[in-house]
Amino acid sequence: MTTATASDLAINGGTPVFDANVPFMSVGLTDKDIAAATEVLQSGMLRAASKCAALEEEFAKQSDANFGLTCANGTCALQLAYGSLLERGDEVITPAWTFIATVSMLVAAGAKVVFCDVLEDSYQADPADIERLITPNTKAIAVTHLYGIPVDIDAIEAIAKKHNLKVIYDSAQAHLAEYNGKGIGAFGDACTYSFYATKNLGTGEGGMVTVNDEELAKNMGFLRSHGETGKYLHESIGFNYRMNDITGAIGLSKLETLGEETNRRRAVANIYADRIDSIEGVLRPVPTAGSNPAWHLYTCRVELDKLTCTRDEFCAALNKEGVPTAVHYPKPLTEQPVFADIAKASDEPKVAKKLASIVFCIPIHPKLSDEQANGVCDALAKVAGAFAK
Ligand SMILES: Cc1ncc(COP(=O)(O)O)c(C=O)c1O
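Some remarks on the pairing of strand β3 (residues 112-116)
- Along β3, 4 of the 5 residues are buried, which leaves the element largely enclosed by surrounding structure.
- Two elements, strand β2 (residues 91-95) and β3, share 5 bridges in a ladder whose sense is parallel. Within β3, the position partnered with P95 by the bridge is C116.
- Handedness of the β-α-β unit built from β2, helix α4 (residues 100-108) and β3 comes out right-handed.

Observations concerning the domain arrangement of the chain
- Taken domain by domain, the chain holds domain 1 (6-26 + 257-386) and domain 2 (31-254).
- Computed over C-alpha atoms only, the centres of domain 1 and domain 2 are separated by 26 Å.
- Contact residues are listed per partner, giving 30 residues for domain 1 and 36 residues for domain 2.
- Where the side of domain 1 that touches domain 2 is concerned, the elements lending two or more residues are α8 (245-276), β13 (291-292) and α11 (350-358).

Quick notes on unusual backbone geometry
- Cis peptide bonds are those with omega within 30 degrees of zero, and the linkage from H328 to Y329 qualifies with 20 degrees.
- Look at L176: it is not a glycine, yet its phi comes out positive at around 65 degrees.
- With respect to the secondary-structure elements, L176 resides in the loop between β5 (166-170) and β6 (178-179).

Section: the site of the ligand
- Taken together, the neighbourhood of the ligand is formed by 14 residues, with N73, G74, T75, A172 and S194 sitting nearest.
- Going through the elements one at a time, α3 (74-85) and α4 are the ones with two or more residues in the shell around the ligand.
- Of the residues that constitute the shell around the ligand, the class distribution is 4 nonpolar, 9 polar and 1 charged.

Some remarks on the nonpolar core
- C71, L80, Y82, V209, L380 and V383 are the most contacted members of the largest nonpolar core, which has 122 residues in total.
- Residues within four places of C71 in sequence aside, it is in contact with C76, A77, L80, G207, M208, V209, R224, Y241, R242 and M243.

Some points on the sheet that holds β6
- The strand order across the open sheet built from 3 strands is β7-β6-β13, with neighbouring strands paired in antiparallel fashion. The strands lining the two open edges of the sheet, one partner per strand, are β7 (182-183) and β13.
- Here 2 bridges tie β6 to β7, and the two strands are oriented antiparallel to one another. From the neighbouring strand, Y179 faces β7, where its bridge partner is K182.

Description of the packing of α3 against helix α7 (residues 214-224)
- Between α3 and α7, whose axes approach to 9 Å, the crossing angle comes to 120 degrees. Comparing their axes, α7 and α3 come out oblique. Viewed along their axes, α3 and α7 form a crossing whose handedness is right-handed. Residues L80, G83 and S84 of α3 form the contact with α7, whose participating residues are L216, N219, M220, L223 and R224.
- Of the residues in the contact of α3 with α7, the class split is 4 nonpolar, 3 polar and 1 charged.

Structural notes on the packing of helix α1 (residues 31-43) against α8
- Running from amino to carboxyl end, α1 crosses α8 at an angle of 150 degrees, the nearest separation of the two axes being 8 Å. Between α1 and α8, the crossing angle belongs to the class labelled roughly antiparallel. The crossing of α1 and α8 is right-handed. Of the residues in α8, those in contact with K32, D33, A36, A37, E39, V40 and L41 of α1 are D245, I246, A249, I250, L252, S253 and K254.
- For the contact of α1 with α8, a count of residues per class yields 8 nonpolar, 1 polar and 5 charged.

What counts as what
- Residues numbered from 1 in each chain as written.
- Predicted model: local features only at pLDDT ≥ 70, side-chain atom pairs only at ≥ 80, totals over all residues.
- Buried ≥ 20, exposed ≤ 12 C-beta atoms within 10 Å, placed from the backbone.
- Helix = DSSP H or I, 4+ residues; strand = E, 2+ residues; numbered from the N terminus.
- Pairing = 2+ DSSP bridges.
- Right-handed = clockwise from strand over helix to strand, strands pointing away.
- Domains from an automatic or database assignment.
- Contact = placed C-beta atoms within 7 Å.
- Near = placed C-beta within 6 Å.
- Nonpolar A, V, L, I, M, F, W, Y, C, P; charged D, E, K, R; others polar.
- Core = buried A, V, L, I, M, F, W, Y, C linked by C-beta atoms within 7 Å.
- Axes fitted to C-alpha atoms, helices over the stretch in contact; angles between N-to-C directions.
- Parallel < 35°, antiparallel > 145°, perpendicular 65-115°, else oblique.
- Left-handed = near helix turned anticlockwise from the far one by under 90°.

This is the structure in structure tokens:
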């Protein structure tokens, strides 16, 4: 392909790569999912019952965890994990580059948040920075497998072991991701998941915590449901973070194809990686060594020193070629007003700050064809060529 010039770009009146936009994500229910939900509706058993229990068992098994607990959403999953593993006042190290809930739920649990920076190519929490931030008061590490890419689990578990810290993995974007050949549920004290409508396993709202310790699973169960240890016997303060069986049935139905769908995401990611490596001005995500990501999002970076445009101008041109984009996230958490006081007491996360102006996500989902994935790369090459310095 010859290098495109500015006048070739669709944004300037040229012919777009795609006639119609490539879908950014694929969401929705199959007839089988709807039948599963209908069966529950017809049964009248709407509360968490056999469908939630089956989803817990199957999801935990597929994630290499011993126990699963369904809950209302991924935010509740974090509250269950933090509420069971942390004490108020515990110092917890967490990345400045993640979705807000990873950190806001730490604040809600009464933890003292310490922001660490992330690695530029994998976007994941930087183990060296975590280690640097450890104090005698540090009690836990709460990190995200962001975009579905596992963090450097070996490094984080080694730090945790050395300093006797708890580890919570926010896996909301990482269903069925693997590390060193095992499901991510095999690692840490708890993994939390979201089943929000757009997640790799989307039930509308919904969530899950997986753990490996039986006692912890039992205590989380009490926290999930009013601290009820027997019929109307309450031994601790709990909440109502429960799922329901309609959601459970949809999740269970969707879980049957999640493995296949995750592999299709991986095949698309392989096409992207091969092609993007030869596009000047665009960098692809580089997964952590030993990881097999779930590719919830495929997040690239513009190399601003090689281009004459900003990230937003690059994305605007790409959108006109028929490739929708998204920015996850426009700010590091240290720049969110709600965390202003914590940010004041933290070092500036230089990488997270830089990522906010260079990252952009391109479409990735199980329904994307090889042809569409290659077309996305053609559009990236076209826009990068036209904006080349
Ligand atoms: C990394 C991460 N953590 C937590 C959550 C919260 O999940 P939910 O929206 O199901 O409460 C999300 C959802 O976007 C997420 O991406």
